Amino acid sequence: MSAGAKTATAGSPAAGAAGGGVAEPADAAGRLFGRLTVLPALLVMAWLLAGLPLLLLGLFTPVLMLVLSVPLAAVLVAVGLRWIPGRWRSPLPLRKPEHARTPWWAVVAVVAIAVAFGVDQMIYHSQQIIVMRDPASYLQFGNWIAHHGSLPIPQDRAAFSGSHHVLSFGSFAFYQVGGTVVPQFMAGLPMILAGGFWMGGVGAAAALAPVLGALAVLTFGGLVARLVGPRWAPLGALVLAISMPEQFTSRSTYSEPVVQILFLGGLCFVIDSFDADKIGTRVTAALGGLALGLTLLVRIDGASDMLPVIPYCGLLLLGRRRQAVPLLAGLVVGAVYGGVDGLVLSRPYLTSIKSSLEPFVLVAVAVVMLTVVAVLALWQRGLPEVRGRWLPNAVAVLAFVVTIGFAIRPHFQTVHGQMTKTTQDVIASFQRADHLAVDPTRLYYEISLHWVFWYIGVPAVVLGTLGAAVLSRRCLWGRAPMWTLALMTFAWTIVTALYQPAITPDQPWASRRLVPAVLPGFILLAVWASSWLVGQLRQRGFDRVTCGGLGAVCAAALVLPAAITTYGLGIARGGPLGIKPTTVSVAFTTTYSGEITAISGMCAAIPRNASVVIVDDPIADHLAEVVRGMCDVPVARLSRVRLPAVQQVVRGIRQAGRRPVLLAAARSQLTPYGGPTRQVMALRSRQDEHTLTTPPRATWKLTFSVWMSEPSR
């Protein structure tokens with residue numbers, strides 16, 4: 001038997017990686033559902049593909065973006081949606097032939113869940129404008145490129161004349177590099193937020209977060225439909241939508257929902273490529289690879305998430321599949337976009353995380369080399385068939401071993417790490433607020449699986465592990481071909497993210513590490529395990545009531561734990577029956593509200609021809625880029641605040657023909673320098689809680705006070 005024939009057999013590993021039976025004829029509901037759920041990824045790809053070259057050229061303007069992105073989006077949508085199948089291979093035996101069709105109620109339910117999620121998040125969405133953590137950093141990045149169209153950010157030293165040598169120009173998430181200021185993060189999300197600024201200013205940009213979150217939920221529903229079945233898609237979308245981390249990252253301008261759109265949408269395209277015709281196979285595979293590769297342009301961790309695609313492409317090559325080269329080409333193009341962004345626009349950021357990047361680069365090189373060697377060695381023979389049960393059984397057992405290992409990890413390990421003095425001070429403050437022993441080097445990564453328990457429940461983890469175990473056996477035997485890439489990527493990402501979350505461990509902040517793939521992976525696997533269990537009963541002759549009852553129990557086991565954590569459902573003493581339901585939750589609380597109004601008031605108070613000097617370090621860290629980008633005046637900070645230094649800076653500003661303005665957190669910091677003082681910001685709001693060993697149940701008070709003076713001559 002030839003290698004090509006051998007690898008095409010149903011029981012071969014390559015078939016398990018790449019192919020399967022014949023899909024059923026399309027139906028209208030299925031085709032609409034399939035197209036709707038990949039449309040967000042196509043639109044995001046078009047915007048990013050057009051945006052980065054313009055940003056690199058300093059021509060990132062609304063007119064040029066429309067000129068390039070709209071035709072590109074039209075092409076991608078027309079080409080990408082053309083070959084989306086209207087029906088997918090059922091991963092499990094169907095009770096009735098008509099169940100292969102997509103019911104309209106499933107399409108309506110998933111769309112309704114996504115819309116309801118978006119509306120809810122819009123009602124409670126945050127206004128993180130002051131740079132405290134990533135959302136405001138992304139927003140300020142987006143604001144700058146929306147109004148200036150280029151990077152890096154100039155320091156405007158001339159506005160301070162000869163005094164600039166005693167000043168500095170960096171702040172939180174904005175590095176001072178030579179004579180410029182460089183934003184910290186990847187440019188993908190800021191380019192999307194720039195579109196919001198063009199449409200309706202800072203309010204519209206902040207409101208994009210719920211829209212992106214809703215599109216991510218919709219995309220996930222499409223992935224569940226492809227891998228589990230359309231009838232199970234509403235359950236998967238609902239569990240993801242009510243999980244607290246999904247809501248948390250969709251209320252502020254986090255990068256995770258955009259990554260979900262690209263990552264989950266890319267998997268959808270790869271799955272669809274196996275039900276398309278010859279050219280459709282190549283086009284959809286290329287789009288899938290491109291979407292997966294572009295995650296790097298949005299989030300540096302996307303490099304790790306896409307790593308399993310490389311050995312998967314090796315399987316496709318050995319199986320002589322048409323998808324192999326287009327998938328790899330698309331992945332490379334997307335990764336190049338991200339690499340160019342990181343090396344050209346965000347190099348200081350990559351330098352700052354060099355200790356984390358270097359080990360990953362070594363792993364990536366090793367994976368590529370091993371894949372190339374394996375393909376060359378096995379090219380003539382193809383992959384050997386998996387015979388016997390020991391390997392599939394061992395891999396299935398490994399899934400349970402890994403989960404149990406993470407579950408008991410807190411009993412055997414306490415994770416510490418080397419951190420900056422600032423980070424240690426922050427963790428110590430969180431520990432004191434939580435009434436914990438103060439140990440600033442603790443990272444709490446040993447309880448990372450417990451984070452998942454908090455947010456979607458133990459049943460989801462147990463069912464997800466069961467699903468991973470059963471599916472790994474089926475993939476090795478070639479019985480679940482569509483699952484191979486998804487299982488590889490989710491397994492890799494779940495293990496690496498839980499082992500080393502690489503984030504400050506306070507909740508809900510740290511929960512964002514679970515959003516791109518950990519929670520979707522567990523939920524997807526758990527829903528599949530639920531469908532598999534129901535199918536097992538059905539095959540053994542149990543009646544519809546029994547099967548339906550088991551399905552309802554599984555659905556409740558997935559929905560209720562997530563709802564209990566997110567909405568704080570509980571029982572307390574009181575009421576006519578002695579007990580009463582209670583809710584203690586942050587789900588219906590708006591955080592960081594009022595910041596747009598506060599910033600607008602501060603900017604209105606600063607004269608148009610001012611040069612601003614901030615003489616308070618915390619205020620400079622939080623507001624320097626806000627003043628520069630949103631108030632549109634030159635700004636610098638003076639860390640060593642002494643009267644002669646301030647007088648020198650003031651003289652330099654006046655020599656430049658501008659008005660000197662000083663900002664600080666209190667009036668007393670400004671009175672030594674003369675001139676009238678007034679308060680230009682008095683913000684009273686709420687911020688996210690910072691818990692370390694429990695899920696968040698409340699919010700913390702947030703106050704910001706800024707005083708301004710114009711020193712007298």
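Residues numbered from 1 in each chain as written. Predicted model: local features only at pLDDT ≥ 70, side-chain atom pairs only at ≥ 80, totals over all residues. Heavy atoms only, no water.

Colleague: Before we go on, may I ask you to explain a nonpolar patch on the surface in this structure?
Modeller: Nonpolar side chains collect at one region of the surface, where Leu-56, Leu-328, Val-332, Val-336, Val-340, Leu-343 and Val-344 lie side by side and expose about 540 Å² of accessible area between them. For the nonpolar patch, the element with the most residues is helix α14 (residues 324-345), which contributes six residues. (Patch = residues over 30% accessible without salt bridge, like charges linked within 9 Å, V, L, I, M, F, W, Y side chains within 5 Å. Areas by Shrake-Rupley, 256 points an atom, 1.4 Å probe, with all protein chains shown as cover. Salt bridge = Lys/Arg side-chain N within 4 Å of Asp/Glu carboxyl O. Helix = DSSP H or I, 4+ residues; strand = E, 2+ residues; numbered from the N terminus.)

Colleague: I tried to follow the packing of helix α19 (residues 448-456) against helix α22 (residues 518-539) on my own but got confused; where do I start?
Modeller: Helix-helix packing is described using two parameters, namely the angle between the two axes and the distance between the axes. Between α19 and α22, the least distance of the axes is 11 Å, while the angle of their chain directions is 65 degrees. With respect to the hand of their crossing, α19 and α22 are arranged in right-handed fashion. Of the residues in α22, those in contact with Leu-449, Val-452 and Ile-456 of α19 are Val-518, Leu-519, Phe-522 and Ile-523. Residue classes in the contact of α19 with α22 are distributed as seven nonpolar, no polar and no charged. (Axes fitted to C-alpha atoms, helices over the stretch in contact; angles between N-to-C directions. Left-handed = near helix turned anticlockwise from the far one by under 90°. Contact = heavy atoms within 4.5 Å. Nonpolar A, V, L, I, M, F, W, Y, C, P; charged D, E, K, R; others polar.)

Colleague: What is the right way to look at the side chain of Glu-246 in this model?
Modeller: Within the secondary structure layout, Glu-246 lies in helix α9 (residues 244-251). Arg-251 provides the closest opposite charge to the buried, salt-bridge-free Glu-246, at an N-O distance of 11 Å. Within the structure, Glu-246 has its side chain in polar contact with the side chain of Gln-260 (distance 3.0 Å). If sequence neighbours within four positions are ignored, Glu-246 has contacts with Phe-117, Gly-213, Ala-216, Val-217, Leu-240, Gln-260 and Val-515. (Buried < 20%, exposed > 50% of the residue type's maximum accessible area, 1.4 Å probe, protein only. Lys, Arg positive; Asp, Glu negative; His and termini not counted. Polar contact = N/O pair within 3.5 Å; in protein donor to acceptor, adjacent residues only side chain to side chain.)

Colleague: How should helix α3 (residues 28-57) be read in this particular structure?
Modeller: For an α-helix, the turn length of 3.6 residues means that residues three or four places apart are oriented alike. The terminal C-alpha atoms of α3, which comprises 30 residues, lie 44 Å apart, in line with the 44 Å expected from a rise of 1.5 Å per residue. N-capping of α3 is provided by Asp-27, with a side-chain oxygen placed 3.3 Å from the backbone N of Ala-29. Within two residues after α3, Gly-58 carries a phi angle of roughly 75 degrees, on the positive side. (Expected span 1.5 Å × (residues − 1).)

Colleague: So what exactly am I meant to see when it comes to the packing of aromatic side chains here?
Modeller: Two aromatic rings, taken as a pair, are described by how far apart their centres are and by the angle between their planes. Under the definition given, this model contains 14 aromatic pairs. Ring centres of Phe-263 and Phe-490 lie 5.7 Å apart, and the angle between their planes is 90 degrees; this geometry places the pair in the edge-to-face category. Here the residue Phe-263 occupies a position in helix α10 (residues 256-273), and Phe-490 occupies one in helix α21 (residues 484-499), the gap between them amounting to 227 residues. Under the relative-accessibility criterion, Phe-263 is labelled buried at 3%. Take Phe-490: its relative accessible area is 1%, and that puts it in the buried class. Linked through ring pairs, Trp-47, Phe-60 and Trp-198 together constitute an aromatic cluster. Across the ring face of Trp-509, the terminal group of Arg-133 is positioned such that the distance to the ring centre comes to 4.2 Å. Just above the ring of Trp-509 sits the side chain of Arg-512; from NZ or CZ to the centre is 4.7 Å. (Phe/Tyr/Trp six-rings, centres within 6.5 Å; stacked < 30°, edge-to-face > 60°. Lys NZ or Arg CZ within 6 Å of the ring centre and 35° of its normal.)

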